[in-house]
Amino acid sequence: MNIFKTLALGAGLSGLLLSTAYAEGLQGKVIGFSQIGSESGWRAAETSVTKAVAAELGIDLKFADAQQKQENQIKAIRGFIAQGVDAILVAPVVATGWEEVLTEAKEANIPVVLLDRGIEGPEDLYLTSVASDQVKEGRVAGEWLVNAVADKQCNVVELQGTVGSSPAINRKQGFEEALAGKANLAIIRSQTGDFTRSKGKEVMEGFLKAEGGGANICAVYAHNDDMAVGAIQAIKDAGLKPGTDILVVSIDAVPDIFAAMVAGEANATVELTPNMAGPAFEALDAYLNGGTVPEKFIITESKLYTPADDPQGEYDRRKGLGY
Ligand code: AHR
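Residues numbered from 1 in each chain as written. Predicted model: local features only at pLDDT ≥ 70, side-chain atom pairs only at ≥ 80, totals over all residues. Heavy atoms only, no water.

> Would you mind going over the overall build of the chain with me for this structure?
Counting its secondary structure elements, the chain contains 10 helices and 12 strands. Compactness check: the chain gives a C-alpha radius of gyration of 20 Å against a globular reference of 20 Å for 323 residues, within 12% of the reference. Expressed as lengths along the three principal axes of its C-alpha atoms, the size of the chain is roughly 60 × 40 × 30 Å. Sorting the 323 residues of the chain into buried and exposed places 54% on the buried side. Within the chain, contacts between residues separated by at least 24 positions form 75% of all contacts whose residues are at least 6 apart in sequence. For the chain, the separation between the mean place of its 28 positive charges and that of its 43 negative charges on side chains is 3 Å. (Helix = DSSP H or I, 4+ residues; strand = E, 2+ residues; numbered from the N terminus. Rg over C-alpha atoms; globule rule 2.2 N^0.38 Å. Buried < 20%, exposed > 50% of the residue type's maximum accessible area, 1.4 Å probe, protein only. Contact = heavy atoms within 4.5 Å. Lys, Arg positive; Asp, Glu negative; His and termini not counted. Charge placed at Lys NZ, Arg CZ, Asp CG, Glu CD.)

Structure (structure tokens):
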């Protein structure tokens, strides 16, 4: 049995308890974690899961919340280097601008693991990257929509994630790939909602106003569920039925999107596991204790969920995970 893989989502946070026999490898290690912030339910769950797994493994986790600012992340990473931590986890808010600070970590011989978002830059600046295939996530969402509308004419509005972040770039690309060559489908508006519920609502309100109160919109594609939940509220406020008048497809699989599916207000989501820490700590354990260099990219699953997939059960399964 592998402790890092026993982290079953269904077990909830209390189910993360790990046998100490498996937990010796990283016990007492000091690991810095530069987290982006708390823009979404998914992000909150990733933070909760990371802290819980670290505690179970006896890791001294130094947590730094960057409040969405790259400069804060760079400062935190420099602080971790100065403290001489054993390793650093970083969820990079944007894709560019990391070379200098990651070179400093490399020169200090501190392995860096990227969590959930990628960077543009030399691959030797990090030990491994634990993330989903974000282009695939966008493609899965797009393919769902292509099948759902069949031959019907469909104008789509898109709520993008944080500008310059890898999921915003890649989820847009994957969705566009799925729609390529489909004459009946067009993305008529696309704007960032910053991965937040409030901005998703605000931007959707603008889309609805600009598009005949929503009459010209057939579907909304949101780069995360939180923006989709905000958009659902905006659609309801405009007197329309989300999930019926305007289809809603998004990414993350947080409990609230399953609650929306139960209410008939959301149509599809693509799961992003909040357990990036399990594979990251497993890779660090093997590396720090035996010099085993992991795969450069550890890719997590991207599973599609629709109302046919027991949304109430999925809600119940996730609600204890810190979302
Ligand atoms: O990087 C992962 C994305 O960041 C999640 O999909 C989103 O909810 C979060 O804010």
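> Please clarify how the sheet that holds strand β6 (residues 154–160) should be interpreted in this entry.
The strands making up a sheet are joined through hydrogen bonds of the backbone, oriented either antiparallel or parallel. The sheet built from 6 strands is open, its strands ordered β7-β6-β8-β9-β10-β12 with mixed pairing. Since the sheet does not close on itself, it has two edges, and those belong to β7 (185–192) and β12 (304–305), each with one partner. As paired elements, strand β8 (residues 219–222) and strand β9 (residues 247–252) share 3 bridges and run parallel to each other. The residue bridging A219 from the neighbouring strand is L247, located in β9. (Pairing = 2+ DSSP bridges.)

> Would you explain the pattern of salt bridges in this entry?
Side-chain pairs of opposite charge can arise where the charged atoms are in close proximity. Across all of its chains, the model carries 23 salt bridges by this definition. Note that R139 is salt-bridged to E177, the shortest N-O span being 3.1 Å. Residue R139 is found in helix α4 (residues 134–149), and its partner E177 is found in helix α5 (residues 166–179); the two are separated by 38 residues along the sequence. Judged by relative accessible area, which is 30%, R139 ranks as partly exposed. Classification of E177 by relative accessible area gives partly exposed; the value is 36%. (Salt bridge = Lys/Arg side-chain N within 4 Å of Asp/Glu carboxyl O.)

> Looking at this structure, I do not really get helix α2 (residues 70–83). What am I missing?
Count 3.6 residues to each turn of an α-helix, and residues three or four apart come out pointing the same way. Taking 1.5 Å per residue as the helical rise, α2 with its 14 residues ought to reach 20 Å, and the 20 Å between its terminal C-alpha atoms agrees with that figure. Buried within α2 we find Q70, Q73, I74, A76, I77, F80 and I81. Buried residues of α2, seen end-on, are gathered within an arc of 160° and therefore sit on one face of the element. For α2, exposure combined with an orientation more than 90 degrees from the buried face picks out E71, K75 and A82. (Expected span 1.5 Å × (residues − 1). Arc of directions from axis to C-beta.)

> Teacher, can you tell me more about the pairing of strand β5 (residues 128–132) here?
It is a general feature of regular strands that their side chains alternate between the two faces of the sheet. Among the 5 residues in β5, 5 count as buried, and that is most of the element. Covered by surrounding structure in β5 are T128, V130 and S132 together with S129 and A131, the residues of both alternating faces. Note that β5 and strand β11 (residues 297–300) share 4 bridges and pair parallel. Its bridge partner being in β11, V130 is matched across the sheet by I298.

> Is there a simple way to explain the state of the cysteines in this structure?
Throughout this description, disulfide means a covalent bond between two cysteine sulfur atoms. Inspection of the entire model under this criterion finds 1 disulfide. Two residues share a disulfide in this structure: C154 and C218, whose sulfurs sit 2.0 Å from each other. Handedness of the C154-C218 disulfide follows from its S-S torsion of about -85°: it is left-handed. Within this pair, whereas C154 is found in strand β6, its partner C218 is found in the loop between α6 (197–210) and β8, the two being separated by 64 residues in sequence. Of the two residues, C154 and C218, neither departs from the other in class, the shared state being buried. (Disulfide = S-S within 2.5 Å.)

> Would you take a moment to explain the side chain of E271 for this structure?
Relative to the helices and strands, E271 resides in strand β10 (residues 268–271). A polar side-chain atom of E271 sits 3.5 Å from a polar atom in the side chain of Y305. (Polar contact = N/O pair within 3.5 Å; in protein donor to acceptor, adjacent residues only side chain to side chain.)

> Looking at this model, I keep getting lost on the site of the ligand. Mind explaining?
Within the structure, the ligand sits among E39, S40, W42, R43, D116, R117, P167, R171, F195, N224, D252 and L272. In the environment of the ligand, an oxygen atom lies 2.6 Å from a nitrogen or oxygen atom belonging to the side chain of D252. Elements with a contribution of two residues or more to the shell around the ligand: α1 (41–57) and α5. Considered class by class, the residues forming the shell around the ligand number 4 nonpolar, 2 polar and 6 charged. (Near = heavy atom within 4 Å. Nonpolar A, V, L, I, M, F, W, Y, C, P; charged D, E, K, R; others polar.)

> In this structure, what is going on with the packing of helix α8 (residues 255–262) against helix α10 (residues 311–318)? I would like to understand it.
Direction vectors running N to C along α8 and α10 enclose 155°, while the axes themselves pass 8 Å from each other. By the criterion of interaxial angle, the relationship of α8 to α10 is roughly antiparallel. Between α8 and α10 the crossing geometry is left-handed. Residues P255, F258, A259, M261 and V262 of α8 pack against P311, Q312, E314, Y315 and R318 of α10. Among the residues forming the contact of α8 with α10, the class breakdown is 7 nonpolar, 1 polar and 2 charged. (Axes fitted to C-alpha atoms, helices over the stretch in contact; angles between N-to-C directions. Parallel < 35°, antiparallel > 145°, perpendicular 65-115°, else oblique. Left-handed = near helix turned anticlockwise from the far one by under 90°.)

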